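Results of the structural survey
What follows is the residue order along each chain.
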Amino acid sequence: MEEMIKELEVKLHAIREKDGEKRSESQHKKGKLTAWERIDLLLDKDSFTEINPFVTTRVTDFGMDKKRVPGDAVITGFGRINGRKVFLFSQDFTQLGGSLGEMHAQKIVRIQDMALKNGCPLIQMNDSGGARIQEGILSLNGYGMIFRRNSLASGIIPQLSLILGPSAGGAVYSSGLSDFVFMVRGVSRMYITGPDVIKRVAGEEIGHEELGGADVHAQVSGVAHFACDSEEGCFEAVRRLLSYLPSNANEEPPYVTSDQDLSPDDAINSLIPIDPEESYDVHEVIDHIFDQGSFLEIHEEYAMNAVVGLARLYGYVVGVVANQPEFMAGVLDINASDKIARFVRFCDCFNIPLINLIDTPGYLPGSTQEFDGIIRHGAKVLYAYSEATVPKIVLIMRKAYGGAYIALCSRDMAYDRVLAYPCADIAVMGVEGAVGIIFRKEIAAADDPEKRLQELKAQYLEKFGGPYLSASYGLVDQIIVPARTRLELFKALDSVMEKQETRPKKKHGNIPL
Ligand code: HXC
């Protein structure tokens, strides 16, 4: 037995250490960590158990018989993050470019199945040249199996993708199917075809970073939810995100005892300017309302007219959706609609109550938005909120106009509680537009059109301005003093925390995509 144990140790050592120094040097030269270093940094100390380290490719074509590596360029296993079990894989770019062949895929599939069966988050660490070209259709077959599992696990366990090197070709879609994509500036590249292919096919010249770097996907495409400055920062962000999430859809998000009280905060009284044209940064409001330092923004640099993220309210995890008056006046456009709808659906999957902070002039008008499908994209917001059964609470802070009112604040969308500040303005549209349409002829015919315009605006505001008419119809439940927001939102949350809402049985809905 002793000999056998020695043999096992030698074999395992060979797998983990083969050309170890050379391999880590080649990663470090590229400014990247090795697959093992990543696991060590991400997980709780000594918590990792590797699965299937001996798995090796069976393919022999194109010299693969001489390139075989035990483990087949991916490390798979499970470990713990802040004490909670997670399953993961970490691709090893130093072996065959981390490319995905038949057995590499089998290892990932096994981890996906284990994560799903055990109801644990799945973490994918990608550093790969994509489908292993020498393995042909077996590689594509492998991706197919992975994508299907990503899709079937969606909404049951959280899936997080960390792009820690190239993620080219097929590799991008497993991440594209995940709940959250993390990228690292200068390290991550994500594209379905790289610059060389683009040059050949389209004659376009573009660099790797400009085409698929972290900033591009965090700011322009919206593929990345988090852009980090270093791999270490990325692991920290993953650990932080997981601290808000349940391990699976049958669990509640983790509650922590809050040491922050719910006493009035007078500063909130002056955070929202009364003048509807005046902008302000909604982050300040968020910071005052939710437990200090608890707001974790998602998609921070994408569609900044909407702000979404996870926070805690008196220790309870909530999903926050807010308009950002400081950016495009907080209007809802295509990208903001996609961002909000996706976030709402995530929260609904994982039992995270939603709190909306509303100040928006509505959906963005314009031919570009119309041509690009604002109707289809805007409908996603309506669909996502209608479908959601988690507690839904809204605070109308200032403007809530038109379609955006319906989508984000209305009783008809089955919001559980609708609160409003005294300066809330709920209407089909802003006073300027409304008066201009319904009194156009009367204003034009007046002896003094400007005077008449001002009179009619005053009449309109008297009738429709403020939250009181809506409150009289029962469409606003409560008008609150801003300073008491924390307490009132918590009471609203507390009142609906145990709500049960069922839906008619169906195969699945057909959200406008
Ligand atoms: C096999 C691969 C590979 C691949 C890289 N390698 N990609 N081997 N299949 N897909 C190997 C290289 O041959 C090399 O082996 C080693 O990995 C390191 O690669 P380098 O090119 O030296 O590294 P680097 O200069 O850092 O460039 C990284 C890269 C580049 C940008 C990722 O390798 C690249 O462009 N690879 C191809 C990317 C791609 O087009 N993938 C799409 C595949 S098709 P040696 O032995 O020399 O060290 C696909 C379709 C699926 O994925 C669609 C499903 C929806």
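Heads up: the structure comes first, above all this text.
Here is a short report on the structure shown in this document. These figures come from a predicted structure and were not determined experimentally.

1. Points about empty space enclosed by the protein
Inspection of the entire model under this criterion finds 3 cavities of 30 Å³ or more. In terms of lining, the largest cavity is formed by 13 residues, of which the most central are Ile15, Pro70, Gly71, Ile75 and Asp92. Elements with a contribution of two residues or more to the lining of the largest cavity: helix H1 (2-17) and strand E2 (74-81). Across the lining of the largest cavity, the residue classes tally to 7 nonpolar, 2 polar and 4 charged. In this structure, the second largest cavity occupies an estimated 60 Å³ of space.

2. Quick look at helix H15 (residues 374-387)
Between its terminal C-alpha atoms H15 stretches 20 Å, which fits the 20 Å expected from 14 residues at 1.5 Å a residue. On the buried face of H15, the contacting elements are strand E11 (316-323), helix H13 (334-349), strand E12 (354-360), helix H14 (367-371), strand E13 (392-401) and helix H16 (402-409).

3. Focus on the packing of aromatic side chains
Under the counting rule described, the total for this entry stands at 13 aromatic pairs. Seen in terms of ring centroids, Phe147 and Tyr173 are 6.3 Å apart; in terms of plane orientation they differ by 80 degrees. Their pairing is edge-to-face. Linking Phe147 in helix H6 (residues 136-153) with Tyr173 in helix H7 (residues 171-176), this pair joins segments that are 26 residues apart in sequence. What links up through ring pairs into an aromatic cluster is the set Phe180, Phe182, Phe226, Phe346 and Phe350. The ring of Phe93 has Lys32 sitting right over it, with the charged end atom 4.1 Å from the ring centre. The aromatic ring of Tyr415 is capped on one face by Lys392, whose charged end is 5.7 Å from the ring centroid.

4. Some details on the site of the ligand
In the vicinity of the ligand there are 18 residues, among which Gly97, Gly129, Ala131, Ile133 and Gly170 approach most closely. In the model, a nitrogen atom of the ligand is placed 2.7 Å from a nitrogen or oxygen of the Gly129 main chain. Computed on the free molecule, the ligand has an accessible area of 1000 Å², of which 53% lies beneath the protein chains in the complex. Of all the secondary-structure elements, those providing two or more residues to the shell around the ligand are H6 and strand E5 (159-168). Here the residues of the shell around the ligand are counted per class, giving 8 nonpolar, 7 polar and 3 charged.

5. What about the packing of H15 against H16?
Two measures define how a pair of helices packs: the angle their axes make with one another and the distance between the axes. Relative orientation of the contacting elements H15 and H16 amounts to 25 degrees, with a least axis distance of 8 Å. Taken together, the axes of H15 and H16 lie roughly parallel to each other. Crossing angle aside, the handedness with which H15 passes H16 is left-handed. In this structure, H15 uses Val381, Leu382 and Tyr385 to contact H16, whose residues at the interface are Ile406, Ala407 and Leu408.

6. Overview of unusual backbone geometry
A positive phi angle, near 50 degrees, is found at Met328, a position not held by glycine. Structurally, Met328 can be placed in the loop between E11 and H13. Of note in the backbone geometry, Ala329 takes a positive phi value of approximately 60 degrees without being a glycine. Along the chain, Ala329 falls in the loop between E11 and H13. Given a relative accessible area of 37%, Ala329 falls into the partly exposed group.

7. Side note on the side chain of Arg398
Relative to the helices and strands, Arg398 resides in strand E13. Residue classification places Arg398 among the buried residues on the basis of a relative accessible area of 2%. In terms of polar contacts, Arg398 uses its side chain to reach the backbone carbonyl oxygen of Pro273, at 3.0 Å. Side-chain polar atoms of Arg398 contact the backbone oxygen of Glu278, separated by 2.9 Å.

8. Remarks on the pattern of salt bridges
Per the counting criterion, the structure on display carries 31 salt bridges. Between Arg149 and Asp113 there is a salt bridge whose closest N-O contact spans 2.8 Å. One end of the pair, Arg149, is in helix H6; the other, Asp113, is in helix H5 (residues 102-118), and 36 residues separate them in sequence. Judged by relative accessible area, Asp113 falls into the partly exposed class, the value being 27%.

9. Notes on the packing of helix H17 (residues 431-438) against helix H19 (residues 449-464)
Two elements in contact, H17 and H19, have axes whose closest approach is 10 Å; the angle formed by their N-to-C orientations is 115 degrees. Accordingly, the angle class assigned to the pair H17 and H19 is roughly perpendicular. Crossing angle aside, the handedness with which H17 passes H19 is right-handed. From H17, Val431, Glu432, Ala434, Val435 and Ile438 reach across to H19, where they touch Leu453, Leu456, Lys457, Tyr460 and Leu461.

10. What about the pairing of E2?
Counting buried residues in E2 gives 6 out of 8 residues, a clear majority hidden from the surface. With 3 bridges connecting them, strand E1 (residues 49-51) and E2 associate as antiparallel partners. Looking at the pairing, Ile51 lines up with Thr76 of E2. Direction of pairing for E2 relative to strand E3 (residues 84-91): antiparallel, over a ladder of 8 bridges. Each residue of the ladder has a partner; that of Thr76, found in E3, is Phe89. In this antiparallel pair of consecutive strands, E2 and E3, the connection spans 2 residues, and Asn82 shows a positive phi of 50 degrees.

11. So, the pairing of E11
Burial analysis of E11 places 7 of its 8 residues in the buried class, which makes it a mostly covered element. Between strand E10 (residues 306-313) and E11, which pair antiparallel and follow one another directly, the connecting turn spans 2 residues, one of which, Tyr314, has a positive phi of 55 degrees. Of the strand pairs in this sheet, E11 and E12 are connected by 4 bridges, and their pairing is parallel. Residue pairing in the sheet places Val320 in a bridge with Ile355 of E12. The β-α-β motif built from E11, the intervening H13 and the parallel element E12 has right-handed crossover chirality.

The rules behind these values
- Residues numbered from 1 in each chain as written.
- Predicted model: local features only at pLDDT ≥ 70, side-chain atom pairs only at ≥ 80, totals over all residues.
- Heavy atoms only, no water.
- 1 Å grid on protein atoms, 1.4 Å probe; cavity = no way out; pocket = protein on both sides within 12 Å on 5 of 7 lines; lining within 4 Å.
- Points joined across faces, edges and corners; volume = space filled by probe spheres on them.
- Helix = DSSP H or I, 4+ residues; strand = E, 2+ residues; numbered from the N terminus.
- Nonpolar A, V, L, I, M, F, W, Y, C, P; charged D, E, K, R; others polar.
- Expected span 1.5 Å × (residues − 1).
- Contact = heavy atoms within 4.5 Å.
- Phe/Tyr/Trp six-rings, centres within 6.5 Å; stacked < 30°, edge-to-face > 60°.
- Lys NZ or Arg CZ within 6 Å of the ring centre and 35° of its normal.
- Near = heavy atom within 4 Å.
- Polar contact = N/O pair within 3.5 Å; in protein donor to acceptor, adjacent residues only side chain to side chain.
- Areas by Shrake-Rupley, 256 points an atom, 1.4 Å probe, with all protein chains shown as cover.
- Axes fitted to C-alpha atoms, helices over the stretch in contact; angles between N-to-C directions.
- Parallel < 35°, antiparallel > 145°, perpendicular 65-115°, else oblique.
- Left-handed = near helix turned anticlockwise from the far one by under 90°.
- Buried < 20%, exposed > 50% of the residue type's maximum accessible area, 1.4 Å probe, protein only.
- Salt bridge = Lys/Arg side-chain N within 4 Å of Asp/Glu carboxyl O.
- Pairing = 2+ DSSP bridges.
- Right-handed = clockwise from strand over helix to strand, strands pointing away.

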